[in-house]
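Each chain, written out:
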Amino acid sequence: QVQLVESGGGLVQAGGSLSLSCAASRNIFRVNDMGWYRQAPGKQRELIASITRGGITNYADSVKGQFTISRDNAKITVYLQMNNLNPEDTAVYYCNADVTLPTLNQYNAWGQGTQVTVSS
């Protein structure tokens, strides 16, 4: 089974920065698109950033210019650099990846989620 393991969440003051990372297990053939979602209390989970295998990125308007997504294909890891954080960024952050399994079947995997809390 494909696993995505996230790290890097925590508590930070407004204006601060955090960096999240998400590493995929190695029982895969290829990782395709990867992305970060977040879910704030009482709200739906939303896609905030995505990156293709070739490095093309897309961002939600709410984080454009504030967050940066990147990936290391050799390490099968996706990163999210979050700057100038504000209390509205408080949420559980999830990574997501479309992967091709060794059987060549496609699979969509989710991380376990990591809490990011921004204090005012």
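Residues numbered from 1 in each chain as written. Predicted model: local features only at pLDDT ≥ 70, side-chain atom pairs only at ≥ 80, totals over all residues. Heavy atoms only, no water.

Details of the overall build of the protein chain
Move 1: For the protein chain, the count of helices and strands is zero helices and 11 strands.
Move 2: Overall, the protein chain shows an N-to-C arrangement of helices and strands of β-β-β-β-β-β-β-β-β-β-β.
Move 3: Over its C-alpha atoms the protein chain spans a radius of gyration of 14 Å, differing by no more than 12% from the 14 Å that the globule rule assigns to 120 residues.
Move 4: When the backbone C-alpha atoms are referred to their principal axes, the protein chain occupies close to 50 × 25 × 25 Å.
Move 5: Residues counted as buried form 42% of the 120 residues belonging to the protein chain.
Move 6: Of the contacts formed within the protein chain by residues at least 6 apart in sequence, a portion of 56% connects residues at least 24 apart.
Move 7: As displayed, the protein chain has an accessible area near 6,400 Å², and 48% of this comes from carbon and sulfur atoms.
Move 8: In the protein chain, 9 side chains carry a positive charge and 8 a negative one; their mean positions are 7 Å apart. (Helix = DSSP H or I, 4+ residues; strand = E, 2+ residues; numbered from the N terminus. Rg over C-alpha atoms; globule rule 2.2 N^0.38 Å. Buried < 20%, exposed > 50% of the residue type's maximum accessible area, 1.4 Å probe, protein only. Contact = heavy atoms within 4.5 Å. Areas by Shrake-Rupley, 256 points an atom, 1.4 Å probe, with all protein chains shown as cover. Lys, Arg positive; Asp, Glu negative; His and termini not counted. Charge placed at Lys NZ, Arg CZ, Asp CG, Glu CD.)

A short note on the nonpolar core
Move 1: Ranked by size, the top nonpolar core spans 32 residues in total, and within it Trp36, Phe67, Val78, Leu80, Met82 and Tyr93 carry the most contacts.
Move 2: Of all the elements in the fold, those that place two or more residues in this core are strand E3 (18-24), strand E4 (30-39), strand E5 (46-51), strand E7 (67-72), strand E8 (77-82), strand E9 (91-100) and strand E11 (114-119).
Move 3: Broken down by element, this core gets its largest block of residues, five residues, from E9. (Core = buried A, V, L, I, M, F, W, Y, C linked by side-chain atoms within 4.5 Å.)

Here we look at the pattern of salt bridges
Move 1: Overall, the coordinates contain three salt bridges when judged by the stated rule.
Move 2: Between Arg38 and Glu46 there is a salt bridge, with the nearest N and O atoms lying 3.0 Å from each other.
Move 3: Under the relative-accessibility criterion, Glu46 is labelled partly exposed at 33%.
Move 4: One salt bridge connects Asp61 with Lys64, and the closest N-O pair in it is separated by 3.2 Å.
Move 5: Beyond isolated ion pairs, a larger network of salt bridges with shared partners links Arg38, Glu46 and Asp89. (Salt bridge = Lys/Arg side-chain N within 4 Å of Asp/Glu carboxyl O.)

Considering the state of the cysteines
Move 1: Scanning the entire structure with this criterion turns up one disulfide.
Move 2: Shown here is the disulfide that connects Cys22 with Cys95, its sulfur atoms set 1.9 Å apart. One quick way to see it: the torsion about the S-S bond of Cys22 and Cys95 is about 50 degrees, and its sign makes the bridge right-handed. One end of the pair, Cys22, is in strand E3; the other, Cys95, is in strand E9, with 73 residues separating them in the sequence. (Disulfide = S-S within 2.5 Å.)

Coordinates in, geometry out; function isn't part of it.
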